[in-house]
Amino acid sequence: IRLPAKERVLVVELGDEQVAFPFLALAEERVLEAKVGGEPVVAFWAPGTASIYSERTADGRDVGAAVGFSAVLDGRRLRFQPTGEDRFRDRQTGTTWSLSGLGLEGPLEGKRLRQVDEGVHFWFVWAAYRPDTRVVER
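In this report, we go over the structure that sits alongside the text. Being a predicted model, the structure only gives us computed values, none of them experimental.

**Quick notes on the pattern of salt bridges**
Inspection of the entire model under this criterion finds six salt bridges. Here Arg 79 ties to Glu 33 by a salt bridge, and the two come within 2.7 Å at their closest N and O atoms. Of the two residues, Arg 79 sits in the loop between strand 7 (76-77) and strand 8 (80-84) while Glu 33 sits in strand 3 (residues 31-36), which places them 46 residues apart along the sequence. In this structure Glu 33 comes out as partly exposed when scored by relative accessible area, which is 26%. Arg 114 is the salt-bridge partner of Glu 39, the closest N and O atoms lying 2.3 Å from each other. Taken together, the residues span a long stretch of sequence, with Glu 39 in strand 4 (residues 39-46) and Arg 114 in the loop between strand 11 (103-105) and strand 12 (118-122) at a distance of 75 residues. In this structure Glu 39 comes out as buried when scored by relative accessible area, which is 19%. Relative accessible area serves as the criterion here: at 43%, Arg 114 is assigned to the partly exposed category.

**Notes on the pairing of strand 2 (residues 17-22)**
Counted residue by residue, strand 2 has five buried out of six residues, so it is predominantly covered. Bridge count between strand 1 (residues 8-14) and strand 2: six bridges; the pairing is antiparallel. Of the residues in strand 2, the one forming a bridge with Val 11 is Ala 20. The pairing of strand 2 with strand 13 (residues 134-135) spans two bridges and is classified as parallel. Bridged to Ala 20 within strand 13 is Val 135.

Here is what the cut-offs are and how they apply
- Residues numbered from 1 in each chain as written.
- Predicted model: local features only at pLDDT ≥ 70, side-chain atom pairs only at ≥ 80, totals over all residues.
- Heavy atoms only, no water.
- Salt bridge = Lys/Arg side-chain N within 4 Å of Asp/Glu carboxyl O.
- Helix = DSSP H or I, 4+ residues; strand = E, 2+ residues; numbered from the N terminus.
- Buried < 20%, exposed > 50% of the residue type's maximum accessible area, 1.4 Å probe, protein only.
- Pairing = 2+ DSSP bridges.

Okay, structure coming up:
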């Protein structure tokens, strides 16, 4: 799958593998999962981040924010779903999580998901150097 040149992507790199999570898919689903370098990874997306590509950042369109985490906590594989504009819940314990991976309410309150090696890029920039990157589809 190839993406529009100016599509923003959250790229996760683990081991020798790179996986791109497109912002368009993240904005629709809010949570996407993939195995990267053999590890289960989850990407969270939330609205509320303005694009810097306008005269004033405050006038920029909302492009959202995305963060990638290991989907394994204390040896347990967790699966997530969005619950609010910037909240997520794991199906295994019912714990509510923030965009930053902090357990807010539930049995895992106070725990933190491990952030993986990731970055946000425009697709055309990333793909120029790593055209073999796997793209996550919905």
